[in-house]
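# Results of the structural survey
Single-letter residue listing:
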Amino acid sequence: MRIKFTLAALFFCGFLYADPVVHKFGLWEKGTERDKLSIYWGWTNGFFQARGPRGMDLLTCLSRISPDQAVAMVDKQYKNHPEKWSRPLGEQILEALTVNGGPCEGKNPL
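Per chain, residue numbering runs from 1 following the sequence as it is written. For a predicted model such as this one, the threshold for reporting local features is a pLDDT of at least 70, and the threshold for listing and counting side-chain atom pairs is 80 or more; totals across whole chains, interfaces and linings nevertheless cover every residue. Only heavy atoms go into the side-chain values, all of them from the structure, while hydrogens and water stay out.

Only runs of H or I of at least four residues qualify as helices and only runs of E of at least two qualify as strands under DSSP, and these elements are numbered from the N terminus. When helices and strands are tallied, the chain shows five helices and zero strands. Reading the chain from its N terminus to its C terminus gives the helix and strand order α-α-α-α-α. With 110 residues in all, the chain has 28% of them scored as buried. Here, residues are in contact when the closest pair of their heavy atoms is within 4.5 Å. If you take every contact in the chain between residues at least 6 apart in sequence, the share linking residues at least 24 apart comes to 69%. When the accessible surface of the chain is summed, it comes to about 7800 Å², and 60% of that surface belongs to carbon and sulfur atoms. We call a residue buried when its accessible area falls under 20% of the maximum for its residue type, exposed when it is over 50%, and partly exposed in between, using a 1.4 Å probe and counting protein chains only. Residue-level accessible areas treat just the shown protein chains as cover; the underlying method is Shrake-Rupley with a 1.4 Å probe.

Okay, here's the thing in structure tokens:
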């Protein structure tokens, strides 16, 4: 019975394929402060998992600033660069956190 259920679930899930979504930076303004903090934590979890050792310099740097400061840096990027609102959200978070003159300047691992 278990094998039939597993096969049925796999077969059905094949029909649920959805196109991936890349969220735009314009999404940032729609969130509350709590939402923005959640987006920041989600971004850091995914980004550093994918980067591995190449992201250690940035991870070490970000561990020295508060999450609220990081969100404020992204807020500033959003407010100062409306021309980038159509760019991918993750790209702009990275740019905000590694901006020239910021505490993590030069730490962009890409």
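A few words on the environment of Phe 47. Tracing the backbone shows Phe 47 in helix α2 (residues 33-51). You can call Phe 47 buried: its relative accessible area is 10%. Considered as a pair, Phe 47 and Leu 94 are 47 residues apart in the sequence and their alpha carbons are 9.2 Å apart. Contacts of Phe 47, omitting those with residues within four sequence positions, involve Leu 58, Leu 94 and Pro 109.

As a further point, take the nonpolar core. Throughout, nonpolar core names a set of buried Ala, Val, Leu, Ile, Met, Phe, Trp, Tyr and Cys residues whose side chains join them through atoms within 4.5 Å. Among the nonpolar cores identified, the biggest contains 21 residues, and Trp 28, Trp 43, Leu 58, Leu 62, Val 74, Ile 93 and Leu 97 are the most heavily contacted of them. Residues within four places of Val 74 in sequence aside, it is in contact with Phe 25, Trp 28, Ile 93, Ala 96 and Leu 97.

Looking now at the side chain of Gln 92. By secondary structure assignment, the location of Gln 92 is in helix α5 (residues 89-97). Using a relative accessible area of 1% as the deciding quantity, one classes Gln 92 as buried.

Cysteine sulfur atoms are paired as a disulfide whenever they come within 2.5 Å of each other. Inspection of the entire model under this criterion finds one disulfide. Between the sulfur atoms of Cys 61 and its disulfide partner Cys 104 the distance amounts to 2.0 Å. Its S-S torsion of approximately -100° makes the covalent link between Cys 61 and Cys 104 left-handed. On the criterion of sequence distance, the pair formed by Cys 61 in helix α3 (residues 56-62) and Cys 104 in the segment after α5 is long-range, its members being 43 residues apart. By relative accessible area, which is 0% here, Cys 104 ends up buried.

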